[in-house]
Protein chains: 2
Amino acid sequence: MISEKTIERLSQYRHFLREFLKENVDHVSSSTLAERCHGQSAQVRRDLMEMGYRGKSTRGYDVEDLLAAIGSYLDRPGGEKVALCGIGNLGRALLTYFQGSLSNLQVVAAFDRDPHKTGRVIHGCRCFDIEMVEKVIAEQGIQVAVIAVPGPDAQRVADRLFAAGIKGLLNFAPTPVRVPPKTYVEHMDMTMALEKVSFFTRQLAPARGAPK
Amino acid sequence: MISEKTIERLSQYRHFLREFLKENVDHVSSSTLAERCHGQSAQVRRDLMEMGYRGKSTRGYDVEDLLAAIGSYLDRPGGEKVALCGIGNLGRALLTYFQGSLSNLQVVAAFDRDPHKTGRVIHGCRCFDIEMVEKVIAEQGIQVAVIAVPGPDAQRVADRLFAAGIKGLLNFAPTPVRVPPKTYVEHMDMTMALEKVSFFTRQLAPARGAPK
DNA sequence: AGGATACTGTGAAAACATTCACAATCATCA
DNA sequence: TGATGATTGTGAATGTTTTCACAGTATCCT
Ligand SMILES: NC(=O)c1ccc[n+]([C@@H]2O[C@H](COP(=O)([O-])OP(=O)(O)OC[C@H]3O[C@@H](n4cnc5c(N)ncnc54)[C@H](O)[C@@H]3O)[C@@H](O)[C@H]2O)c1
Ligand SMILES: NC(=O)c1ccc[n+]([C@@H]2O[C@H](COP(=O)([O-])OP(=O)(O)OC[C@H]3O[C@@H](n4cnc5c(N)ncnc54)[C@H](O)[C@@H]3O)[C@@H](O)[C@H]2O)c1
C-alpha cells in the first residue's frame, strides 16, 4: 500500500507542475521539481516510481505527461462528488474555495440544520436540510464528505454520514471522530496546527535574551 | 529534538484530558487515553516520556497534573500573540474560531489591503492596513503569523512578515512559501487534504461492482 | 504484612521513510 | 558513429517512528 506521505507529495508535485506548464516549461528534472518542493530529488523519483511512472530518461520528465499520469493516479475518473455538512463561517468559506478552484473535487451538496441556510444554491451547490442527508447521498452516490459543524455535533453527523454510505471524511471539527472500519478519515485540526507552530517557533527562536 | 508527531499528539491528548476533567475523571491510564485517540498505549507513554513527564505509577496519570504539564510544555508562558494576514472569507472564519476558543493563542492583530476591511475591531482583534504590518509586529513583539491571503500574494506577504520579525507561520494559501532559515512554517493545504481523502477512499472502498 | 494487581518507563525489535550512490539509459554533438 | 554528459530507476544504507515486551513500582485488598 502506498504511503500517505507519497500521496501528499504527488498532490504537491502536481501543483508545481501546473506552474511549470504555465511558464511553458515542457520538461523538468527530479532535482528541479525537488528544489521547488523543498525536498530531495531522490524522493521525487521514488514517489513517481511508487505510482509506477517511468519518465523518458536524460531529458527529465515531460511536464504534461507527468501531470496526466498523476491525475489518472490520484483522481477519481469522472470527478469526486463531495458532501459538505455545516454551512457556517467555515463551511461557506470552504464552499467558495472548493467551487472556485478547478479541480477534480466538486461539492455537489451541502447540509445544515438551520432552515435559514438551506434551500439556496451557493456557488452551484444545493443546500439541503440535514434530514435529507441519507436520501441525497444515496441518490447521488456520494462517497466523500466534509464536516464543518460544531464539535459537539461532529460525531453524530459523522455517524449519519457513514450510515448513509460515505467512505471518506475530512473533519474540521476540533473533536476527532470515530469511524467504521474500511473507511478513511482525515482530521484537520487548526488549533493543533497553530500550537505546533507556536511550539517550534520557540524551539528555533527562543525569547530575546534567552540563553544560547 | 522532539518530533512533530509527538507535539501533535500532545495537543490531542490535551483535548481529551480536558474532556476527562469535565467528566470528573481524575485519573487516566495510558491505554484509556490511547483508546480515545485511536492510538497505542505505548505511544502515549513514550510521548509523555519525550516531554520528560513521569506519572505516579499504578493509578495512571493524574488528569489535572498531566494537563498542567502539557500546558507548561507546549504553551508560551503569558500567551502566544498571533497576527493574521488576509481578512477574507477564511480569515474572518479563523478570527471567529480562534477568538472563540479559550486557549493560549490570541490573535491580536489582523491585516488586509482592502480599506473596507480595516480600521474595525473584530472579536477583540484590531484590523490594520497591511502597510502597518512591520510597525505593529515590532511594537507588539509578535512572533507567530497566519496567512490567509490569495495564493499569488502569499509569498510577498510572508517575506514581509519574516522581515518584520515573525519566526513561525501557518500558511493557508495553496502555494507553499519559502521561508528564511531558523524559522518554522506549517502549510495547511485543504485541497491536498481532500485529494488524499478521495484517493484513500477509493483504495479502501473501490467502486461498486469493482473486482475484489 | 504480604501477595495480587494494574500500571508505568524504557531497551530492543520491527516497521516505515528517506537518502545515498551508482549502473543503466538515451539525447546530443563532434 | 561513438564518446559525452545529464538524468533516471533502484538496491542498499541510513534515519526515524512505532510497537513489543517486560522489569520495576506503587496501590489495594485480605
Ligand atoms: N471558523 C473556522 O475558521 C474554524 C476553524 C477550524 C475549525 N473550525 C470548526 O469547524 C466547525 C464549524 O465552524 P464554524 O465557524 O463554521 O461554526 P458556525 O457555528 O459558524 O457553523 C456551524 C454550522 O453548523 C450547523 N449545524 C450545527 N449542528 C448541525 C447538525 N447537527 N447538522 C447539520 N448542521 C449543523 C449550524 O447551523 C451552523 O450553520 C466547528 O466545529 C469549528 O470548531 C472552524
Ligand atoms: N476560503 C477557504 O475556505 C479557503 C480554504 C483553503 C485555503 N484558502 C486560501 O486562503 C486564502 C484566503 O482565502 P479566502 O477565501 O479568504 O479569500 P478572499 O479573497 O475572501 O480573502 C483574501 C483577503 O486577502 C486580502 N489581501 C489580498 N492581497 C493582500 C495583501 N497583499 N496583503 C494583505 N491582504 C491582502 C484581500 O483583501 C481579501 O480580504 C487563499 O489563498 C485561499 O486559497 C481558503
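Cut-offs applied
- Residues numbered from 1 in each chain as written.
- Chains lettered and ligands numbered in written order.
- Predicted model: local features only at pLDDT ≥ 70, side-chain atom pairs only at ≥ 80, totals over all residues.
- Heavy atoms only, no water.
- Pairing = 2+ DSSP bridges.
- Helix = DSSP H or I, 4+ residues; strand = E, 2+ residues; numbered from the N terminus.
- Near = heavy atom within 4 Å.
- Polar contact = N/O pair within 3.5 Å; in protein donor to acceptor, adjacent residues only side chain to side chain.
- Expected span 1.5 Å × (residues − 1).
- Buried < 20%, exposed > 50% of the residue type's maximum accessible area, 1.4 Å probe, protein only.
- Least-squares fit on C-alpha atoms with pLDDT ≥ 70 in both.
- Contact = heavy atoms within 4.5 Å.
- Salt bridge = Lys/Arg side-chain N within 4 Å of Asp/Glu carboxyl O.
- Nonpolar A, V, L, I, M, F, W, Y, C, P; charged D, E, K, R; others polar.
- 1 Å grid on protein atoms, 1.4 Å probe; cavity = no way out; pocket = protein on both sides within 12 Å on 5 of 7 lines; lining within 4 Å.
- Points joined across faces, edges and corners; volume = space filled by probe spheres on them.

**Some remarks on the sheet that holds strand β9 (residues 184-187) of chain B**
Residue and element names in this part refer to chain B.
Next up, step 1: In space, the 7 strands of this open sheet follow the order β5-β6-β4-β3-β7-β8-β9, with mixed pairing throughout. Each having just a single partner strand, β5 (121-122) and β9 make up the two edges of the open sheet.
Next up, step 2: The pairing of strand β3 (residues 80-85) with strand β7 (residues 144-147) spans 4 bridges and is classified as parallel. Each residue of the ladder has a partner; that of Val 82, found in β7, is Val 144.

**Looking at the protein's contact with DNA strand D**
Next up, step 1: Around DNA strand D, the structure places 22 residues, and the nearest of them are A:Ser30, A:Arg46, A:Gly55, B:Arg9 and B:Thr58.
Next up, step 2: In DNA strand D, the atoms that sit within 4 Å of the protein are 62% sugar and phosphate, with bases accounting for the remainder.
Next up, step 3: Interatomic distance of 2.7 Å between a side-chain N/O atom of A:Ser30 and a phosphate oxygen of DNA strand D.
Next up, step 4: One of the side-chain nitrogen or oxygen atoms of A:Arg45 is found 2.8 Å away from a base nitrogen of DNA strand D.
Next up, step 5: Within the residue set of the surface near DNA strand D, elements represented by two or more residues are α3 (41-50) of chain A together with α1 (4-22) and α3 (41-50) of chain B.
Next up, step 6: Ranked by the residues each element gives to the surface near DNA strand D, the list is headed by α3(B), at 4 residues.

**Thoughts on helix α8 (residues 190-204) of chain A**
All names here are of chain A.
Next up, step 1: With 15 residues, α8 should cover 21 Å at 1.5 Å per step; its first-to-last C-alpha distance of 21 Å lies within 8% of that length.
Next up, step 2: The element α8 is extensively covered by neighbouring structure, given that 13 of its 15 residues are classed as buried.
Next up, step 3: Measuring from the backbone nitrogen of Thr 191 back to the side-chain oxygen at the start of α8 gives 3.1 Å, which picks out Asp 189 as the cap.

**What about the protein's contact with DNA strand C?**
Next up, step 1: Around DNA strand C sit 21 residues in total, of which A:Thr58, B:Ser30, B:Arg45, B:Arg46 and B:Gly55 are the nearest.
Next up, step 2: Expressed as a percentage, the sugar and phosphate content of the atoms of DNA strand C within 4 Å of the protein is 62%.
Next up, step 3: Between DNA strand C and the protein, one listed contact pairs a sugar or linking oxygen with a side-chain N or O atom of B:Arg54 at 3.1 Å.
Next up, step 4: The set of elements that each furnish at least two residues to the surface near DNA strand C consists of α3 of chain A together with α3 of chain B.
Next up, step 5: The element contributing the most residues to the surface near DNA strand C is α3(A), with 4 residues.

**Topic: the relation of the copies chain A and chain B**
Next up, step 1: The transformation that overlays chain A on chain B combines an axial shift of 0.0 Å with a rotation of 180 degrees, and the residual RMSD is 0.1 Å. Here the copies are linked by what is in effect a two-fold axis.
Next up, step 2: Most of the interface of chain A is mirrored in chain B: 100% of its interface residues are interface residues there too.

**A closer look at unusual backbone geometry**
Next up, step 1: The residue A:His123 is not glycine, and still its phi comes out positive at about 50 degrees.
Next up, step 2: Along the chain, A:His123 turns up in the loop between β5 (121-122) and β6 (125-129).
Next up, step 3: One non-glycine residue, B:Lys182, lies in the positive phi region at around 65 degrees.

**Observations regarding the interface of chain A and chain B**
Next up, step 1: Between chain A and chain B, the residue contacts involve 65 residues of the former and 65 residues of the latter.
Next up, step 2: There are 8 salt bridges connecting chain A and chain B.
Next up, step 3: Here A:Glu186 makes a salt bridge to B:Lys196, at a shortest N to O gap of 3.3 Å.
Next up, step 4: For the interface between chain A and chain B, the tally reads 20 residue pairs in polar contact (both at pLDDT 80 or more).
Next up, step 5: In terms of residue count, α8(A) provides more of the side of chain A that touches chain B than any other element does, 15 residues in total.
Next up, step 6: Split by residue class, the side of chain A that touches chain B holds 31 nonpolar, 16 polar and 18 charged.

**Section: empty space enclosed by the protein**
Residues and elements named next belong to chain A.
Next up, step 1: For the coordinates displayed, the defined rule picks out 1 cavity of 30 Å³ or more.
Next up, step 2: The computed volume of the largest cavity comes to approximately 40 Å³.
Next up, step 3: If you go around the largest cavity, the residues you meet are Val 82, Leu 84, Leu 94, Leu 95, Phe 98, Val 107 and Val 146.
Next up, step 4: Elements with a contribution of two residues or more to the lining of the largest cavity: β3 (80-85) and α5 (89-100).
Next up, step 5: The element contributing the most residues to the lining of the largest cavity is α5, with 3 residues.
Next up, step 6: A per-class count over the lining of the largest cavity returns 7 nonpolar, no polar and no charged.

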